[in-house]
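Chain by chain, the residues:
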Amino acid sequence: MADLFTSADSQSALSSTEVVAALRAAGCVFAEDEADLLLAAAASPTELATLTERRCAGLPLEQVLGWAEFCGTRVVVEPGVFVPRRRTEFLVQQAAALLPRTGGVVLDLCCGSGAVGAALTRAARGVELHAADVDPAAVACARRNLAPLSGHVHHGDLYRPLPPTLRGRVHVLVANAPYVPTDALGLLPPEARDHEPRVALDGGTDGLAVQRRVVAQAARWLAPTGHLLIETSVAQAPDTARTYRRHGLTPRLVTSDDLHVTVVIGTPPGSDGPGAKGGVTPGG
């Protein structure tokens, strides 16, 4: 394989067949599709060799390409930044259904690349978007994605960097907080455990440590008819729902069987906003 990349460095262009073969040898399941994307992205034979080599070394395809497809649009994804997952589109769908038709305030915690917030600004008119992440690389990436959408990206731990004027005004608070138990990190695919930040993956002993911190302070930031939405696993969702109740939020669970993901939606007591009633009865 080293000979393959060396020959490309001398301006001998890799063929599509050679790229596919290299990707297959590296264990890429969708080698043909990935090869097409790499060929389209490369501006020269040398760049194609570099992109192919990086992918064969195990970097996530999205970090190699510099973008991910999410909710029908391309989102910038820089090296070392969490790659938005297709399952998180379900979180966006649930949140979008709860936004006011115009002028809603969205808060995206643990925002990563800003993909969720970006999608929600396209779901309704006049959205005021705030996003926050503790990882400097994620914040820089989110600013690239959200600046054109007039989004405000804050660097810091959860609510700490947010402006006090946001308290009591948030219509939709979304959090794709890390929910992988620490002991399970080693079971993740190498792409994730070797090339994505641990802070975006590690949810503590039971996977729910960051979620609990999000829920604990959510009520003070939500508008009276606001909603808190957290993505979690089907197995963890009942525990997440119990945390909502402990902090005065009424939970309901919505699950996508196809994507194997659950979103727990919480509302303040007495809320009569959209989606405050109905849905799946939460466990526990």
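Above this text is the structure in question.
Reading the values: rules and limits
- Per chain, the residues get numbers from 1 upward, laid out in the order the sequence is written.
- Only residues with pLDDT of 70 or above have their local features reported here, since the model is predicted, and side-chain atom pairs are shown and tallied only from 80 upward, although totals for entire chains, interfaces and linings are computed over all residues.
- For side-chain calculations, the full set of non-hydrogen atoms in the structure is used, while hydrogens and water are omitted.
- Classification of ring pairs uses Phe, Tyr and Trp, with its six-membered ring standing for Trp, and accepts pairs whose centres are within 6.5 Å; under 30 degrees between planes counts as stacked, over 60 as edge-to-face, and the remaining range as tilted.
- Runs of H or I in DSSP of at least four residues are treated as helices and runs of E of at least two as strands, each being numbered from the N terminus.
- When accessible area is computed with a 1.4 Å probe and restricted to protein chains, residues below 20% of their type maximum are described as buried, those above 50% as exposed, and intermediate ones as partly exposed.
- Here, a charge over a ring is recorded when the distance from Lys NZ or Arg CZ to the ring centre is within 6 Å and its angle to the ring normal is within 35 degrees.
- Every axis in this analysis is a line fitted to C-alpha atoms, fitted for helices over the stretch in contact. Angles between the N-to-C directions lie between 0 and 180 degrees.
- Comment on the angle field: the value is read as roughly parallel under 35 degrees, roughly antiparallel over 145, roughly perpendicular from 65 to 115, and oblique elsewhere.
- In this scheme the handedness of a crossing depends on how the near helix is turned from the far one: anticlockwise by less than a right angle means left-handed, clockwise means right-handed.
- What makes two residues a contact is simply this: any of their non-hydrogen atoms within 4.5 Å.
- Gly falls in the polar group here, along with every residue not listed as nonpolar (Ala, Val, Leu, Ile, Met, Phe, Trp, Tyr, Cys, Pro) or charged (Asp, Glu, Lys, Arg).
- Bending is quantified residue by residue as the angle between axes fitted to the seven-residue window ending at that residue and the seven-residue window starting at it.
- A side-chain nitrogen of Lys or Arg and a carboxyl oxygen of Asp or Glu constitute a salt bridge if their distance falls within 4 Å.
- Definition used in this section: a nonpolar core is a set of buried Ala, Val, Leu, Ile, Met, Phe, Trp, Tyr and Cys residues joined via side-chain atoms within 4.5 Å.
- DSSP-based pairing: two strands are paired if at least 2 bridges between them are found.

1. Points about the packing of aromatic side chains
- Taken as a whole, this structure holds one aromatic pair when the rule is applied.
- Seen in terms of ring centroids, Tyr159 and Trp221 are 5.6 Å apart; in terms of plane orientation they differ by 15°. Their pairing is stacked. Here Tyr159 is found in the loop between β5 (152-155) and β6 (170-175), whereas its partner Trp221 is found in helix α10 (residues 209-221), with 62 residues between them in sequence. Both residues of the pair, Tyr159 and Trp221, count as buried.
- One residue, Arg74, lies across the ring of Trp67, its end atom 3.7 Å from the ring centre.

2. Regarding the environment of Gln217
- Here Gln217 shows up in helix α10.
- Judged by its relative accessible area of 31%, Gln217 falls in the partly exposed class.
- Note: C-alpha distance between Gln217 and Thr46 (171 residues apart in sequence) is 50 Å.

3. Regarding the packing of helix α2 (residues 16-25) against helix α4 (residues 45-56)
- It is at 9 Å that the axes of α2 and α4 come closest, and there the two elements cross at 20°. With respect to their mutual orientation, α2 and α4 come out roughly parallel. Handedness of the α2/α4 crossing: right-handed. Here Val19, Ala22 and Leu23 of α2 lie close against α4, whose contacting residues are Leu48, Thr52, Arg55 and Cys56.
- A class-by-class count of the residues in the contact of α2 with α4 yields five nonpolar, one polar and one charged.

4. With respect to α10
- At Val215, α10 is deflected by roughly 25°, the largest bend along its length.
- Within α10, the full set of buried residues consists of Val210, Gln211, Val214, Val215, Ala218 and Trp221.
- Buried-residue contacts for α10 involve β3 (105-109), β6, β7 (222-232) and α11 (237-246).

5. Structural notes on the environment of Leu61
- By secondary structure assignment, the location of Leu61 is in helix α5 (residues 61-65).
- Residue classification places Leu61 among the buried positions, given a relative accessible area of 11%.
- Along the chain, Leu61 and Val77 lie 16 residues apart, while their C-alpha atoms are 10.0 Å from each other.
- For Leu61, the residues in contact, after removing those within four places along its chain, are Glu34, Leu37, Leu38 and Arg55.

6. Concerning the pattern of salt bridges
- Under the counting rule described, the total for this entry stands at 11 salt bridges.
- In this structure, Arg198 and Asp202 form a salt bridge, with 3.1 Å as the shortest nitrogen-oxygen distance.
- For Asp202, a relative accessible area of 18% gives the class buried.
- Linked by salt bridges that have partners in common, Glu34, Arg55 and Glu191 make up one network.

7. Re the nonpolar core
- Membership of the largest hydrophobic core comes to 32 residues, with the highest contact counts inside it found for Phe70, Leu99, Val106, Leu120, Val172, Val174 and Leu229.
- Secondary-structure elements contributing two or more residues to this core are α6 (89-96), α7 (115-121), β4 (128-133), α8 (136-146), β6 and β9 (261-267).
- Per-element accounting of this core gives the leading share, five residues, to α7.
- With residues up to four places along the chain from it excluded, the contact list for Phe70 reads Val75, Pro84, Arg85, Thr88, Glu89, Val92, Ala115, Val116 and Ala119.
- Ala175, Ala177, Ala218 and Ile230 belong to the second largest nonpolar core, which has 26 residues in total.

8. Let's talk about the sheet that holds β9
- Within the open sheet, the seven strands sit side by side as β5-β4-β3-β6-β7-β9-β8. Their pairing is mixed. The open sheet has two free edges, formed respectively by β5 and β8 (250-256), since each of these has just one partner strand. For this sheet, the mean inter-axis angle between neighbouring strands, taken without regard to orientation, is 20°.
- Strand contacts of α11: β7, β8 and β9, with the helix running at about 10° to β9, the strand carrying the most contacts.

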